[in-house]
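Chain and residue survey
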Amino acid sequence: MRGITRIAVAAIAVGALTAGCGGGDKPIGSGASSGNPSSSTSSGGSTGQYKKGGTVTIANVGGQTWPCQFNPFNPSVNGVAGGFVYEPLTFVNVLKAGATTPMLATDFAWSPKKDSIVFTIRDGVKWSDGQPFSADDVVYTFNLMKAQPALDIYALWTGAGLTSVTAAGNKVTLKFKGAAEPYFFNFANQVDIVPKHIWSTGEAASKPATWADPKPVGTGPYTVESCTPNNISYAANANYWQPGKPYIQKVQYPAYLDNNPANLDLASGKAQWGGQYIPNIDKFYKSKAPENNYWFPPTANVALVPNNDPSRPATSKLAVRQALAYAIDREQVSKIGESGYQPAANQTGVVTPTFDKYFDKDALTTAGYDKPNVEKAKQLLQSAGYSSSNPLKLSVITVTGYTDWDASLAVIKQNLAAVGIELSVQDLQQQSYNQKLYTGDYDLAYSSLSGGPTPYYELRQLLYSKNTAPIGKQANSNYSRYSNPEVDKLFDQYASADPDTQVKLIKQISSFMIKDVPLIPTTESVDWYQYNTKDIEGWPTQDNPYAQPAPYNIPDAGQVLTNLYSKSAQK
């Protein structure tokens, strides 16, 4: 898992969602259906009711033992709480163009200006302790984030312009200063609703940001049965609101400190759900059992990030950045560095095929970035004043232990050497890497951020000038220090644009990726996902991508868990 690169999974993704989709989903912007997302109507993998039973074991390397904390407002631990125990108002499917499935809200409606939204809160839902869930819990959750800014991890009150959250009966209204549709992904999909009767008393009320929440009470499909540093055991929530679900009665989540034991457990079938890089996966994992499967859907980019700040005389030059982009053989990086599991990226920054309709292939080809061009790279370097007698020397920072990135950078180093660039690689501990990346203390950085339901989310993080900061100050995502008023205007138009116009805006924004080369995508970041079908079925697949499949994705993990069932339990 690439924790470092998902700084803003939190901060990530957001969403003005455009396209429609199949299944029980509806595109954001229209009201959602009011039915339960049950097995017969949801976008999930199950198609009927199943008998309860069975256990799923997750093998996903967290690089730490479990702290047994489940505070959903703490990004360092909410990955084992969101989706499992806590739920959002609506589920937004990144893999289906932002399609929505109703969860704790059965419906929603935007105002004409998209500056307010009314959610209809689901009746009949109970918290796992048996207390009734209501609209008051929703209002309490959002206002708690306002009162305690440390909990506002999606900057809804401080950045998205949220001004009030109020309830009238089973309706909850969120009002914003301006058009707010791009933030739907955050406030509807990523905010876990917490129970007022628990969080308004005791340590939860006095120290909500640091409270461990060791025995979380949620509306989700599971409760925490027990927790030790070595394992979290979840039990099916007897009060769960989706009829008949969850089918799987136990979920075991062992702690793994590195890949090897987790990979062995996956290959042997001891664990059924994985989320990590496995070298030579066909031989090591797939060949061990016919029921072992994997699928790695691309959702974002891994990129070489040049420091665009004028204080960096080389990488701030357009000709140098263009030379880097022409020199790198992305297919080679994908094949050698990522064993082909991560596809080659492209210079537009639009991930394909996930976001094909936003991809301007003709623009990419016309610019000549559809394949490496060593001679053009050499010409550009010469025009920038570099030669064999005055070679360009650059360094790139990366995170120690990311062996696939090390292999990718080895390829890139060879590519750049072929055009006369000397690249040195700095493997850094995560904390040191973060410090240099955030403050702009680097020539080049190898980096990745999370995406969202459309390319807007990743591109806005990377290119919007309000996401950057002067050298020495911490940028929150635009680490390259790229700033272009024309690009900012395009991002600013996105929120109030209709879906077709949003597609055009993304193509215009991606044209600046080609024109200005603010960063250089190399491979497409994927959801690492392994699954075993010997006893467990209902998994998301390429043919039925009802949720992001990696177990570290939240709230998607909850969608997966409520659709899994045990074949042996059906006998």
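Please read these numbers as outputs of a predicted model, since none were measured by experiment.

Turning next to the packing of aromatic side chains. Applying the stated rule across the entire model yields 37 aromatic pairs. Residues F355 and Y358 carry aromatic rings whose centres are separated by 6.4 Å and whose planes lie at 80° to one another, so their mutual orientation is edge-to-face. For the pair shown, F355 and Y358 are each scored as buried. By the ring-pair criterion, three or more aromatic residues cluster together here, those being F108, W110, F119, F176, F184 and F187. In this structure, K288 is placed above the aromatic ring of F284, and the distance from its NZ or CZ to the ring centre is 4.7 Å.

Our focus in this paragraph is the sheet that holds strand β12 (residues 292-294). In space, the seven strands of this open sheet follow the order β8-β9-β10-β1-β11-β18-β12, with mixed pairing throughout. Each edge of the open sheet carries a strand with a single partner, namely β8 (222-228) and β12.

What follows deals with the confidence of the model for the chain. Mean pLDDT over the chain works out to 89, with 91% of the residues at or above the 70 mark. Segment residues 1-45: pLDDT under 50, and 168 contacts once partners within four positions in sequence are set aside and those in other chains are kept.

By the element assignment, K245 lies in the loop between β9 (231-236) and β10 (250-254). For the buried residue K245, which engages in no salt bridge, the nearest side chain bearing the opposite charge is E87, 9.8 Å off. Among the polar contacts listed, one links the side chain of K245 to the backbone oxygen of T562, at a separation of 3.3 Å.

Turning next to the packing of helix α14 (residues 455-463) against helix α15 (residues 485-494). Between two packed helices, the angle of one axis relative to the other and the distance separating the axes together describe the packing. Taken N-terminus to C-terminus, the directions of α14 and α15 make an angle of 140°; their axes are 11 Å apart at the nearest point. The two elements α14 and α15 cross, and the hand of that crossing is left-handed. Contacts from Y456, L459, R460 and L463 in α14 reach V487, D488, F491 and Y494 in α15. Of the residues that constitute the contact of α14 with α15, the class distribution is six nonpolar, no polar and two charged.

Definitions and limits used
All residue numbers here refer to positions counted from 1 along the written sequence of the relevant chain. Totals for whole chains, interfaces and linings use all residues, but because this is a predicted model, local features are given only for residues with pLDDT of at least 70 and pairs of side-chain atoms are given and counted only at 80 or more. Based on all heavy atoms of the structure, the side-chain values leave hydrogens and waters out of the count. In this analysis, rings of Phe, Tyr and Trp, with Trp reduced to its six-membered ring, are considered paired at centre separations within 6.5 Å, and the interplanar angle assigns stacked below 30 degrees, edge-to-face beyond 60, and tilted for intermediate values. Working definition: with a 1.4 Å probe on protein chains only, accessible area under 20% of the residue-type maximum means buried, over 50% means exposed, and in between means partly exposed. Only when the NZ of Lys or the CZ of Arg is both within 6 Å of the ring centre and within 35 degrees of the ring normal is a charge said to sit over the ring. We treat two strands as partners when DSSP finds at least two bridges between them. In this text, helices come from DSSP runs of H or I with a minimum length of four residues, and strands from runs of E with a minimum of two, each type numbered from the N-terminal end. Note on scores: pLDDT gives the predictor's confidence for each residue, bounded by 0 and 100. In what follows, residue pairs with any heavy atoms lying within 4.5 Å of each other are defined as contacts. Charge counting follows a simple rule: Lys and Arg are positive, Asp and Glu are negative, and His as well as the terminal groups are ignored. Salt bridges are defined by distance alone: a side-chain nitrogen of Lys or Arg within 4 Å of a carboxyl oxygen of Asp or Glu. Contacts described as polar in this section are N or O atom pairs within 3.5 Å, which, within protein, must combine one atom able to donate a hydrogen with one able to accept it, while residues neighboring in sequence count only if both atoms come from side chains. Axis geometry follows a simple rule: fit a line to the C-alpha atoms, using only the stretch in contact for helices, then measure angles between N-to-C directions, giving values from 0 to 180 degrees. For any pair of crossing helices, the crossing counts as left-handed if the nearer helix is rotated counterclockwise from the farther one by less than a right angle, and right-handed if it is rotated clockwise. Side-chain classes follow a simple rule in which Ala, Val, Leu, Ile, Met, Phe, Trp, Tyr, Cys and Pro form the nonpolar group, Asp, Glu, Lys and Arg form the charged group, and the remainder, Gly included, forms the polar group.

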